[in-house]
Amino acid sequence: MKNALQLAYLIPLFPLLGFLLNGLGRKYFSKSLIGTIGSGAILASFAVSLWVFFQVKSGNTHVAHYFNFISVGDLKIPFAFQIDQLSSLFLLIITGIGFLIHLYSTAYMHDEKPEHFGRYFAYLNLFVFSMLLLVMGANFVIMFIGWEGVGLCSYLLIGFWFRKEEYNKAASKAFIMNRIGDLAFLIALFWLINKTGTVTFLEVFSAESLSKLSDRDITVITALLFVGATGKSAQIPLYTWLPDAMAGPTPVSALIHAATMVTAGIYMIARSNVLYSMAPAVMTVIAIVGLATALLAATIALKQNDIKKVLAYSTVSQLGYMFLALGTGSYVAAVFHVMTHAFFKALMFLGSGSVIHAMGGEQDIRKMGGLSKYMKITNITFLVGCLAIAGIPGLSGFFSKDEILAGAFATSPVFYAIGLFTALLTAFYMFRLYATTFRGSFRGTHEQEHHLHESPAAMTIPLIVLAVLSIVGGYVGVPEFIAAGAHSLKDFLYPVFEPSYKILQEHHVSHETEWGLTIGSTIAILAVVIYAWTRFSKKPDLAEPQGLGKVLANKWYVDEIYDAVIVKPLNKLGALLNNIVETKVIDGIVNGVGRLVNYGGRQLRWVQSGQVGLYVLLMVLSMIVIFVLQFFFRK
Amino acid sequence: MPINYYIFLAIALFSIGVVGVLTRRNAIIIFMCIELMLNSVNLLLVAFSKMHHLAAGATPTTGIDGQLFVFFIMVVAAAEVSVGLAIIVMMYRNIHSVDVNFLNRLKH
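Predicted model only: the values in this text are computed from it and were never measured.

### Considering the overall build of chain A
Line of reasoning, step 1. Counting its secondary structure elements, chain A contains 26 helices and two strands.
Line of reasoning, step 2. Taking the principal axes of the C-alpha coordinates as reference, chain A spans close to 110 × 65 × 55 Å.
Line of reasoning, step 3. In chain A, of all internal contacts separated by at least 6 residues, the share reaching a separation of at least 24 is 81%.

Structure follows, in structure tokens:
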């Protein structure tokens, strides 16, 4: 009998249909119809994902082969979906949170014209479709299609309001930064094909194909794949696009930051965990890059005043955490953090969208304040998100963050110290954000104050659902030292990471140490939270920053450095090529050919005299020449 | 008679023909020179045909292909002559000359 999971193609099919319908019919459909199609498509695939998840949970994993996608020589690349523990979990996150974001968007984007409304939902569905393809693909090529698809869709959505030049630039920036990473991904792919002759996950990770790879091959491939991941998942040095991606509508930010896109890199590394476990040097690099990104982004977030920018840098920082987890070999912790982060970051982005909606488009937190009086649901849900990301015990962020830090401690106490410091910074800037926005007194104009209101139900319901998830989401991964055998996520994902566990030796930290670390970090975080709350409720940070604060507010001048080191020289080189090489060399060759033909024609003109005698003479002479050649020079 | 004599005669005739075509301007003489070349070739064909026939000696039909060719060439040449002469007559009627150097309209 055919495996029931063969039906998994339905999951990406619904968003694709939604994309086609909304994309083609955007001029004819009403807004409510567009919203229904867009959200309904995702809801349908969420339903299928749930069914798939329970199938997988009951032990049924499957590679659904549909047709041969590419078949060249010995290389066969099938179009196939791999349904296992890892992908089914990601499917739930993507479609579940994706659906909430779609629902939210129906209200948030309601002021757009129907045509743009349709375009928006078409892009959103395409985005989810690409991400599903990325996660479900059973080989690197299908994954790469999705990988490029989310890059394209992020470009389209970040530049959704394309009338603003600045937004288009942000969109191009995201696209180009991603392309740099994609190039590395492609090279890794070619390398892999060259050495093993296959790209299918199960075949690549089999002992037979791994034996064909030398240590150097594995190091190069994993390093290149990691460069690809730094582009997609916004790590140093390719992270600068993510904060600029705030140019898009707020639900898009939520979609990019929480459910899709940025988790692609983490998914890819988790998927290739066997390769990474065999390349310890690359693992160390990943851990260091992740840690550096987490710290850098957290410091930048301290001084940002745009509500979405703070959240954006917090995403970069949290992604750094996930890479730290990957680099220290705690793959489960990374996937766990992807999940919990998806809950609370989507919650906070949608919450900030609700705030921006109420403030009439204002994003500067210095002009907000005291919003808790006006927006009760947004206030409470946003607070839940902040508590979760700060790592307050009992909420989801606590469990995943604690697991990552424990893994870091087992590898190196230095990693742990920096990680904990970053966690404290995170708690600080999140509560700076919260207190400045929702506490104290209102600092905006009188008109804005009059306009303040709670958002409609389509926006608050997703907030409530996500807030509940942010609270309970962590209980699937209760650490071993609190309750033995309660880490159901680890047990669930065990088959995926089993080969890696065999390669990596388990670092063991005693339960007493873990208790000590957890209690110590919790007390420190609580202290920071209380300090930030009281300080910024009373006296918000309104002054222009000075000294180091100014450097942080200007994001360590990284954009300026990139501009000076890469963009400007490239522009110069472009100008040089345009002015010198293009005009002199290329045009010179092209015009030279024309001139040569012209000149040659003028010189040979006398031959065409019309004199029959001359023609005959030439003919005879030519014949003589041919005879001579034939007789005397033939080999 | 050795075959060499025939070959030398044919080469001489052919060369005379070529030189005539190249140097003379009178269309009728050029025409005659072309005929000369054709006939030198005919001569060669017949000579070789005969030589092969003698050398093979077995059956009466060996080596007669060359002689058959010659008949074909004569027929074609005769047809060509009639057309060519007609052209020359027309040319004379139009420009009152048979000098080929006046005929440079091919240039255009």
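After presenting the structure, the write-up continues.
### So, the overall build of chain B
Line of reasoning, step 1. In terms of helices and strands, chain B carries three helices and zero strands.
Line of reasoning, step 2. Ordered by position from the N terminus, the helices and strands of chain B form the series α-α-α.
Line of reasoning, step 3. Against the compact-globule benchmark of 13 Å for 108 residues, chain B has a radius of gyration of 18 Å, which places it well outside the compact range.
Line of reasoning, step 4. Dimensions of chain B, computed from C-alpha atoms along their principal axes, come out at roughly 60 × 25 × 20 Å.
Line of reasoning, step 5. Taking all 108 residues of chain B together, the buried fraction comes to 12%.
Line of reasoning, step 6. Put simply, of all contacts in chain B between residues at least 6 apart along the chain, 49% involve residues at least 24 apart.

### Looking at unusual backbone geometry
Residue and element names in this part refer to chain A.
Line of reasoning, step 1. With an omega dihedral of 5°, the bond running from Ile236 to Pro237 counts as a cis peptide bond.
Line of reasoning, step 2. When you line up the elements, Pro237 lands in the loop between helix H9 (215–232) and helix H10 (241–244).
Line of reasoning, step 3. The backbone of Ala234 sits at a positive phi, close to 55°, despite the residue not being glycine.
Line of reasoning, step 4. Of note in this structure, Met261 is not a glycine but carries a positive phi near 55°.
Line of reasoning, step 5. Examined against the element boundaries, Met261 turns out to sit in the loop between helix H11 (250–259) and helix H12 (262–271).

### Remarks on the pairing of strand S2 (residues 75–83) of chain A
Across a regular strand the side chains alternate sides, sitting on one face of the sheet and then on the other.
Residue and element names in this part refer to chain A.
Line of reasoning, step 1. Pairing analysis gives nine bridges linking strand S1 (residues 62–72) to S2, with the strands arranged antiparallel. For Ser71, the partnering residue across the bridge sits in S2 and is Lys76.
Line of reasoning, step 2. A loop of two residues connects S1 with S2, the two strands running antiparallel in sequence, and Gly73 in this loop sits at a positive phi of about 55°.

### Looking at the packing of helix H15 (residues 307–327) of chain A against helix H16 (residues 331–358) of chain A
Residues and elements named next belong to chain A.
Line of reasoning, step 1. Remark: H15 packs on H16, axes separated minimally by 9 Å, with the N-to-C direction vectors making an angle of 175°. The pairing of H15 with H16 is recorded here as roughly antiparallel in orientation. Two secondary-structure elements touch here, H15 through Ile307, Lys308, Leu311, Thr315, Gln318, Tyr321, Met322, Ala325 and Leu326 and H16 through Tyr331, Ala333, Ala334, His337, Val338, His341, Lys345, Met348, Phe349, Ser352 and Val355.
Line of reasoning, step 2. Among the residues forming the contact of H15 with H16, the class breakdown is 13 nonpolar, five polar and two charged.

### Some points on the packing of H16(A) against helix H21 (residues 457–472) of chain A
All names here are of chain A.
Line of reasoning, step 1. Between H16 and H21, whose axes approach to 9 Å, the crossing angle comes to 150°. Classed by the angle they form, the pair H16 and H21 counts as roughly antiparallel. At the point where H16 passes H21, the crossing takes the left-handed sense. In contact with Phe343, Phe344, Ala346, Leu347, Leu350, Gly351 and Ser354 of H16, H21 contributes Met459, Pro462, Leu463, Leu466, Ala467, Leu469 and Ser470.
Line of reasoning, step 2. When its residues are assigned to classes, the contact of H16 with H21 shows eleven nonpolar, three polar and no charged.

### Remarks on the environment of Leu395(A)
Residues and elements named next belong to chain A.
Line of reasoning, step 1. Here Leu395 shows up in the loop between helix H17 (376–390) and helix H18 (396–411).
Line of reasoning, step 2. Sequence separation between Leu395 and Gly474 is 79 residues, and the spatial gap between their C-alpha atoms is 6.3 Å.
Line of reasoning, step 3. Contact partners of Leu395, with chain neighbours within four places excluded, come to Leu387, Ala388, Ser470, Ile471 and Gly474.

### Some details on helix H23 (residues 511–538) of chain A
Residue and element names in this part refer to chain A.
Line of reasoning, step 1. Along its 28 residues, H23 runs 41 Å from first to last C-alpha, staying within 8% of the 40 Å computed at 1.5 Å per residue.
Line of reasoning, step 2. Along H23, the residues classified as buried are Glu514, Ser521, Ile525, Val528, Val529, Ala532 and Phe536.
Line of reasoning, step 3. Residues of H23 that are buried make contact with H17, H18 and helix H19 (413–438).

### With respect to the confidence of the model for chain B
Regions with low pLDDT carry predicted coordinates that are not meant to be interpreted in detail.
Line of reasoning, step 1. Here chain B averages 86 in pLDDT, and 92% of its residues register 70 or above.
Line of reasoning, step 2. As a predicted assembly, this complex carries a pTM of 0.79 together with an ipTM value of 0.75.

### Description of the environment of Phe117(A)
All names here are of chain A.
Line of reasoning, step 1. Mapping Phe117 onto the fold places it in helix H4 (residues 114–136).
Line of reasoning, step 2. Distance from Phe117 to Ser32, taken between C-alpha atoms, is 9.9 Å for residues 85 residues apart in sequence.
Line of reasoning, step 3. Contacts of Phe117, omitting those with residues within four sequence positions, involve Lys31, Ile34, Met109 and Glu112.

### As for helix H2 (residues 31–57) of chain A
All names here are of chain A.
Line of reasoning, step 1. Spanning 27 residues, H2 covers 38 Å between terminal C-alpha atoms, matching the ideal 39 Å at 1.5 Å per step.
Line of reasoning, step 2. On its buried face, H2 sits against helix H1 (10–25), S2, helix H3 (85–108) and H4.
Line of reasoning, step 3. Where H2 ends, the next residue or the one after it, Gly59, has phi of about 100°, a positive value.

The rules behind the values
- Residues numbered from 1 in each chain as written.
- Chains lettered and ligands numbered in written order.
- Predicted model: local features only at pLDDT ≥ 70, side-chain atom pairs only at ≥ 80, totals over all residues.
- Helix = DSSP H or I, 4+ residues; strand = E, 2+ residues; numbered from the N terminus.
- Contact = placed C-beta atoms within 7 Å.
- Rg over C-alpha atoms; globule rule 2.2 N^0.38 Å.
- Buried ≥ 20, exposed ≤ 12 C-beta atoms within 10 Å, placed from the backbone.
- Pairing = 2+ DSSP bridges.
- Axes fitted to C-alpha atoms, helices over the stretch in contact; angles between N-to-C directions.
- Parallel < 35°, antiparallel > 145°, perpendicular 65-115°, else oblique.
- Nonpolar A, V, L, I, M, F, W, Y, C, P; charged D, E, K, R; others polar.
- Left-handed = near helix turned anticlockwise from the far one by under 90°.
- Expected span 1.5 Å × (residues − 1).
- pLDDT = per-residue confidence, 0-100.

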